[in-house]
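The primary structure of each chain is shown beneath.
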Amino acid sequence: MPTSDTQHRGGDAALINASIAQLRAGLTAGEYTAADLAVAFARRIETIDPSLNSLVSRVGPVEPASATGPLAGIPYVHKDIFCAKGTRTTCGSRMLADWVAPYDSTVHERLTQSGAVLLGKANMDEFAMGSSSENSHFGAVANPWDANAVPGGSSGGSAAAVAARLVPFATGTDTGGSIRQPAAFCGVTGIKPTYGRVSRYGMIAYASSFDQGGVIAKSAADCALVLGEMAGFDERDSTSADRPVPDYVDGLDESISGLRVGIPKQWFSDALDPTLGDAVSAAIDELRAAGAETVEIDLPDADIALAAYYLLAPAEASSNLSRFDGVRFGYRCEDPRDLQDLYERTRSEGFGSEVKRRILVGTYALSAGYYDAFYRRAQKARRLVTDHFQRAFEQCDVIAGPVTPTPAFDRGAHSADPAKMYLEDIFTIPVNLAGLPGMSVPAGFVEGRPVGLQLIGRHFDEARLLNVAHQYQQRVDWHERMPSMAADSANDNREG
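Residue positions within a chain follow its written sequence, with the count starting from 1. Under the rules for a predicted model, residues below a pLDDT of 70 receive no local features and side-chain atom pairs below 80 are neither given nor counted, while totals for whole chains, interfaces and linings still include all residues. Values reported for side chains reflect all heavy atoms of the structure, with hydrogen atoms and water molecules removed beforehand.

Trainee: Provide a residue-level description of the pattern of salt bridges, including the pertinent values.
Mentor: By definition, a salt bridge exists where a carboxyl oxygen of Asp or Glu is found within 4 Å of a side-chain nitrogen of Lys or Arg. One pass over the full model with this rule turns up 22 salt bridges. The salt bridge partner of Arg449 is Asp146, with a shortest N-O separation of 3.0 Å. Here the residue Arg449 occupies a position in strand β11 (residues 449-456), and Asp146 occupies one in the loop between β3 (117-122) and α6 (156-163), the gap between them amounting to 303 residues. Note that Asp341 is salt-bridged to Arg345, the shortest N-O span being 3.1 Å. By definition, any uninterrupted DSSP run of H or I lasting at least four residues is a helix, any uninterrupted run of E lasting at least two residues is a strand, and each is numbered from the N terminus.

Structure below.
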């Protein structure tokens, strides 16, 4: 018999840290219903999220479209960049603060078909531009481990929601590290698949040649299950890769004995926080203990990659965001004098400072007289980064290193210095330039704040990354640990 709400409250502590497979087993066994799960997690959102601000809006739980799909009955939240018909989709911006999506993104369609239950839309840096989730029209997101710390960005709301166990998983997008960096800062697992592996249809664009949807969840096993439902060719997306999607779950338990792990020597330099470096080195030691072999590799382009990205991505953004003009949809200024005034005031009032900064940089890079000096040279640098990765993969099967140079920084610490904020992406951006798959896996703590191990694979080799991450997580328990706010709330429910 399904549990009553009172009985179910007594099981919240166990439910919130259960894996997706465990939750599905409980549903199948009739220990609780999909409605019970939705109520339990919706209650957590109501109780905890006011102190996090991880969600922009909530969606009333509905019966899953499939009662038998791999994710049937499993609650989740979307990063508020994915369209879901009939839901407010804001991109964290005043420009779209009241916009209701008239159609579904492919990602939402596929998750719905798998039976997953949407509970809300996650807060984010405006139009995915940021590394701290402080650049949202709806206010900054707090890190569940330390309210004084940022949760990372731009998918900070998604990462914070999973870390606080508000939902078992969340969608995210990664343009220059926006899944991996917040996953590292919040102590959860996040995967950015190969460019083209997950459809971008209905995912509002920031930089079209970089943007890629992915998953944030507690563990690699959970990510494997969800990514398998999201991935695959979509004829509505011209950049979608027409390649078969393997069974990511099936390969999780394979041994990594003999696997060659490349360690970029340039990434373990004075720029890396030494205590964080020790945590990452300890994680790599665990891979060795599981039978993997390590080899030092040469990836000399981190600084070049950073500079190239912050020319190319803003250039694409300046083109993509030109559609927000106050005429067709979204925010419109009041009483414009003429068309020029409509454009200028709509954009100056509707966009935040970081978005306007990147539009200006991108427009400048594309302007006559500067295209060859900046944009074309940045594209050449992108090719160079890709070539160096290809040479590295001649020596190894996966690459391992830090996700970020430091643990999560304090809220407001970089607000007056955008360039310092951009340096937080120095280890993640090269992966996006090359279109490779990458993961962040919890690897410990530095002064109470989580840090992550980054794993990078060859194109379309997400299965290997998930396998390596899962084997690592069989040896450690970092991914099982919860912030005190999450555990305390579950205990309060049990005592109630």
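Trainee: Which residues make up the confidence of the model for the chain, and what are the values?
Mentor: Do not read the predicted coordinates in detail wherever pLDDT is low. Residue-level confidence of the predictor is what pLDDT reports, using numbers from 0 through 100. Scored by pLDDT, the chain comes out at a mean of 94, with 96% of its residues at no less than 70. In this model, residues 1-10 is a region of pLDDT below 50 whose contacts with residues beyond four sequence positions or in other chains number 21 contacts. Contacts are assigned to residue pairs with any non-hydrogen atoms lying within 4.5 Å of each other.

Trainee: Break down the packing of helix α10 (residues 302-320) against helix α12 (residues 353-366) for me, citing the residues and quoting the values.
Mentor: Lines are fitted to the C-alpha atoms to define the axes, a helix being fitted only along its stretch in contact, and any angle between axes, read from their N-to-C directions, falls within 0 to 180 degrees. Interhelical geometry of α10 versus α12 gives an angle of 100 degrees and a closest axis separation of 7 Å. The angle between the axes of α10 and α12 places the two elements in the roughly perpendicular class. Seen from α10, the contacting residues are Tyr310, Leu311, Pro314, Ala315 and Ser318; seen from α12, they are Arg358, Ile359, Val361, Gly362, Thr363, Ala365 and Leu366. Residue composition of the contact of α10 with α12, by class: eight nonpolar, three polar and one charged. What sets the label is the angle itself: under 35 degrees gives roughly parallel, over 145 gives roughly antiparallel, 65 to 115 gives roughly perpendicular, and the rest give oblique. For this classification, the nonpolar set comprises Ala, Val, Leu, Ile, Met, Phe, Trp, Tyr, Cys and Pro, the charged set comprises Asp, Glu, Lys and Arg, and every other residue, Gly included, is treated as polar.

Trainee: Which residues make up the sheet that holds strand β7 (residues 260-264), and what values do they have?
Mentor: As summarised here, the arrangement of the 11 strands in space is β1-β3-β2-β4-β6-β5-β10-β11-β9-β7-β8, forming an open sheet in which the pairing is mixed. Edge strands, defined here as strands with exactly one partner in the open sheet, are β1 (55-58) and β8 (293-297). Strand-to-strand twist of the sheet, defined as the mean angle between neighbouring strand axes without regard to direction, takes the value 30 degrees. Two strands pair if DSSP finds at least two bridges between them. Direction of pairing for strand β4 (residues 169-173) relative to strand β6 (residues 213-217): antiparallel, over a ladder of five bridges. Within β6, the position partnered with Ala170 by the bridge is Ile216. In this fold helix α9 (residues 274-289) packs onto β7, β8, β9 (398-402), β10 (438-446) and β11, with an angle of close to 50 degrees to the strand it touches most, β11. Where helix α16 (residues 462-473) meets the sheet, its contacts fall on β5 (189-192), β9, β10 and β11, and the angle it forms with β10 comes to roughly 20 degrees.

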